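# Analysis of the macromolecular model
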Amino acid sequence: MKRLLNMKTTEDVEDILYGLGYPKRTTTSGDVYIPDLPDPKVHIPDIPVIVAGASSNHYKEMQAMMHNIDTVIRPVYPHIKVILYDIGFTERERQAVSESTTIHIR
């Protein structure tokens, strides 16, 4: 997390993120402070949407991610929408994914 907080972005990127509801980042004594919540004027959906992409060379990692979504997130958000972009599955992998979980494959 510390590594991510130390990443630099341009002012344009910061403005875009702010427009999406993320707070402006300020630097104090070399530490980056990011408040816990985005701007309260920006609507945040009650149920998040998870979007990911995977191909055959990351099929096992995608299966682990889907298992975590089904066992950790779905109990809290049973109607969560998951969109998975197929960027190179085999037909067998594609069928296995669509039969094993409730996701939208694109």
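Residues numbered from 1 in each chain as written. Predicted model: local features only at pLDDT ≥ 70, side-chain atom pairs only at ≥ 80, totals over all residues. Heavy atoms only, no water.

Quick look at the overall build of the protein chain now. Looking only at helices and strands, the protein chain has four helices and five strands in total. Reading the protein chain from its N end, one meets helices and strands in the order α-α-β-β-β-α-β-α-β. For the protein chain, the proportion of contacts with a sequence separation of at least 24, taken over those separated by at least 6, is 49%. (Helix = DSSP H or I, 4+ residues; strand = E, 2+ residues; numbered from the N terminus. Contact = heavy atoms within 4.5 Å.)

A few words on the nonpolar core. Counting residues in each nonpolar core, the largest one holds 11 residues, listed as Ala-52, Ala-54, Tyr-59, Met-62, Met-66, Ile-69, Ile-80, Val-82, Leu-84, Phe-89 and Val-97. Among the elements that line this core, the one with the most residues is helix α3 (residues 59-73), at four residues. (Core = buried A, V, L, I, M, F, W, Y, C linked by side-chain atoms within 4.5 Å. Buried < 20%, exposed > 50% of the residue type's maximum accessible area, 1.4 Å probe, protein only.)

This paragraph deals with the pairing of strand β3 (residues 49-54). Pairing of β3 with strand β4 (residues 81-86), which is carried by six bridges, proceeds in the parallel orientation. Counted as the bridge partner of Ala-54 is Asp-86 from β4. Since β3 and β4 lie parallel, the crossover through α3 that links them has a hand, and here it is right-handed. (Pairing = 2+ DSSP bridges. Right-handed = clockwise from strand over helix to strand, strands pointing away.)

What follows concerns the pattern of salt bridges. Applying the stated criterion to the full structure yields two salt bridges. Across the pair Asp-70 and Arg-74 runs a salt bridge whose closest N-O atoms are separated by 2.8 Å. For Arg-74, a relative accessible area of 14% gives the class buried. The salt bridge involving Arg-94 is made with Asp-86; its shortest N-O contact spans 3.3 Å. Take Asp-86: its relative accessible area is 23%, and that puts it in the partly exposed class. (Salt bridge = Lys/Arg side-chain N within 4 Å of Asp/Glu carboxyl O.)

Put simply, the protein chain has an average pLDDT of 75, and 64% of its residues get 70 or more. When the elements of the protein chain are averaged for pLDDT, strand β1 (residues 26-28) gives the smallest value, 48, and α3 the largest, 89. (pLDDT = per-residue confidence, 0-100.)

Within the secondary structure layout, Arg-74 lies in the loop between α3 and β4. Here Asp-70 takes part through its side chain, which lies 2.8 Å from a polar atom of the side chain of Arg-74. (Polar contact = N/O pair within 3.5 Å; in protein donor to acceptor, adjacent residues only side chain to side chain.)

Attention now moves to the side chain of Ser-55. As for its placement among the helices and strands, Ser-55 is situated in the loop between β3 and α3. The buried category is assigned to Ser-55, whose relative accessible area is 13%. In this structure the side chain of Ser-55 is engaged in a polar contact, spanning 2.4 Å, whose partner is the side chain of Asn-57. What Ser-55 contacts, discounting residues up to four positions off in sequence, is Ile-87, Gly-88 and Phe-89.

A separate point is the environment of Leu-84. Position of Leu-84 relative to the elements: it lies in strand β4. Taking the relative accessible area as the measure of exposure, Leu-84 reaches 1% and is therefore buried. A C-alpha to C-alpha distance of 8.3 Å links Leu-84 and Ile-50, two positions 34 residues apart in sequence.

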